[in-house]
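# Chains, contacts and geometry: an overview
Listed below are the residues making up each chain.
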Amino acid sequence: MKIYLSLLILFVFSFHPQAFSQEKPLRIMMIGAHPDDCDIKSGGTAALFAAMGHEVKFLSVTNGDAGHMEMGGGMLAKRRYQETQEVAKRLGITYDVLDNHDGELTPTLEIRLDIIRKIREWGADVVISHRSNDYHPDHRYTGILVQDAAFMVGVPNIAADTPPLRKNPVFLYYQDHFQKPNPFEADIAIDITPVIDQKIYALDAHVSQFYEWLPWIGNDPDEIPEGKEERLAWLKSKRATAPNAVVRKGLEEWYGKEKAAQIQFAEAFEICEYGTQPNKEELKRLFPMLK
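These remarks concern the structure in this document. (Residues numbered from 1 in each chain as written. Predicted model: local features only at pLDDT ≥ 70, side-chain atom pairs only at ≥ 80, totals over all residues. Heavy atoms only, no water.)

All right, on to the pattern of salt bridges then. Taken as a whole and judged by the stated rule, the model has 21 salt bridges. Its salt-bridge partner being R90, residue E86 comes within 2.9 Å of it at the nearest N-O pair. Taken together, the positions of E86 and R90, both in helix α3 (residues 73-91) and four residues apart, correspond to about one turn of that helix. Taking relative accessible area as the criterion, R90 reaches 12% and is therefore assigned buried. For K284, the salt bridge identified is with E281, shortest N-O distance 3.6 Å. Linking K284 with E281, this pair stays in helix α11 (residues 280-286), spanning three residues, or about one helical turn. Each of the salt bridges in this network shares a partner with another, and the network as a whole consists of E86, R90, D204 and K228. (Salt bridge = Lys/Arg side-chain N within 4 Å of Asp/Glu carboxyl O. Helix = DSSP H or I, 4+ residues; strand = E, 2+ residues; numbered from the N terminus. Buried < 20%, exposed > 50% of the residue type's maximum accessible area, 1.4 Å probe, protein only.)

Structural data, given as structure tokens:
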């Protein structure tokens, strides 16, 4: 992987020299409900940011202690935390996990304040999380918690033990397929084809999820391979899919039709109406891989 990362950094430097003209590294926070959500939704984008020298933090709002068919509680939470730290190494990021029970999340004031503090402590320029229409209650309530934090990160008398941000971050949503009450819009679409193998390698660190729990709960009839390379190939076949029509349209907006047609894998994000409302030039600054 060290050779791979070196080649990735060379690729980014060669094709995106503007990324290194930032006065200081961007600080990106990606927030998920569980200790694999950020990785699934934005692992490729995180890898690109990290390779460009920017700072990325994943934050899981729950500890994942219910996500398994044979183990649970503190033992599972510890295992899943260890998996997040391996992901951090593989992507070149940092990964925090809040100690809230999996499957029992509610949008309480206490947790909202925790998220406000985390965003402030990180000094986030960009915050990305779930939309509030989703199949999983933890996803929905994480989206609500982040939305509720969006304005409050700049209010000094809220969570007064942590200095407020002087500029509100840009808040974004992860891509999803839910249509009601409103479908996802790909305001930003990023080509992650150069880092798709690194993303899959990061997902591979979540052994408890991708090779145990998710196949079981999804009634996946496939037999899980035993060998490391075979597992990576199997995981890529499950988790690396071509952009849909909505994302393809977003790619065309940023890369042009000819280039977009060649993009095999992408991640997309929708601008939240809360927080700073960026124009296209500001988005290019915040997502320098789009230049």
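So, on to the packing of α3 against helix α7 (residues 207-217). The contact between α3 and α7 brings their axes to 9 Å, and the two run at 125°. As judged from the angle between their axes, α3 and α7 are oblique. Only V207, S208, Q209 and E212 of α7 make contact with α3, whose side of the interface consists of R79, R80 and E83. Its residues assigned to classes, the contact of α3 with α7 comprises one nonpolar, two polar and four charged. (Axes fitted to C-alpha atoms, helices over the stretch in contact; angles between N-to-C directions. Parallel < 35°, antiparallel > 145°, perpendicular 65-115°, else oblique. Contact = heavy atoms within 4.5 Å. Nonpolar A, V, L, I, M, F, W, Y, C, P; charged D, E, K, R; others polar.)

For the rest of this paragraph, the subject is the packing of aromatic side chains. Inspection of the entire model under this criterion finds six aromatic pairs. Note on Y211 and W234: the rings are 6.1 Å apart at their centroids and 40° apart in plane angle, and the pair reads as tilted. Taken as a pair, Y211 in helix α7 and W234 in helix α8 (residues 228-239) lie far apart in primary sequence, 23 residues in all. Each of the two residues, Y211 as well as W234, counts as buried. Here W213 and W216 contribute two aromatic rings whose centre-to-centre distance is 5.7 Å and whose plane-to-plane angle is 25°, an arrangement assigned as stacked. (Phe/Tyr/Trp six-rings, centres within 6.5 Å; stacked < 30°, edge-to-face > 60°.)

With that settled, consider the nonpolar core. In this structure, M30, F58, L172, I190 and F287 are the most contacted members of the largest nonpolar core, which totals 48 residues. Element by element, the count of residues in this core is highest for helix α2 (residues 37-51), at six residues. Not counting chain neighbours up to four residues away, the residues in contact with M30 comprise C38, S42, T45, A46, F49, V56, K57, F58, L59, I128 and Y174. Counting residues in each nonpolar core, the second largest holds 24 residues, with V61, I115, A150 and Y173 among its members. (Core = buried A, V, L, I, M, F, W, Y, C linked by side-chain atoms within 4.5 Å.)

Regarding helix α9 (residues 245-255), the residues found buried are V247, G250, L251 and W254. Axial view of α9: buried residues confined to an arc of 105°, hence all on one face. Opposite the buried face of α9, at more than 90 degrees from it, the exposed residues are A245, K249 and E253. In this fold, the buried residues of α9 make contact with β6 (188-191), α10 (257-262), β7 (266-275) and α11. Two or three places before V246, at the start of α9, stands the capping residue N244, its side-chain oxygen 3.1 Å from that residue's backbone nitrogen. Looking one or two residues past α9, G256 carries a phi angle of roughly 85°, positive in sign. (Arc of directions from axis to C-beta. Polar contact = N/O pair within 3.5 Å; in protein donor to acceptor, adjacent residues only side chain to side chain.)

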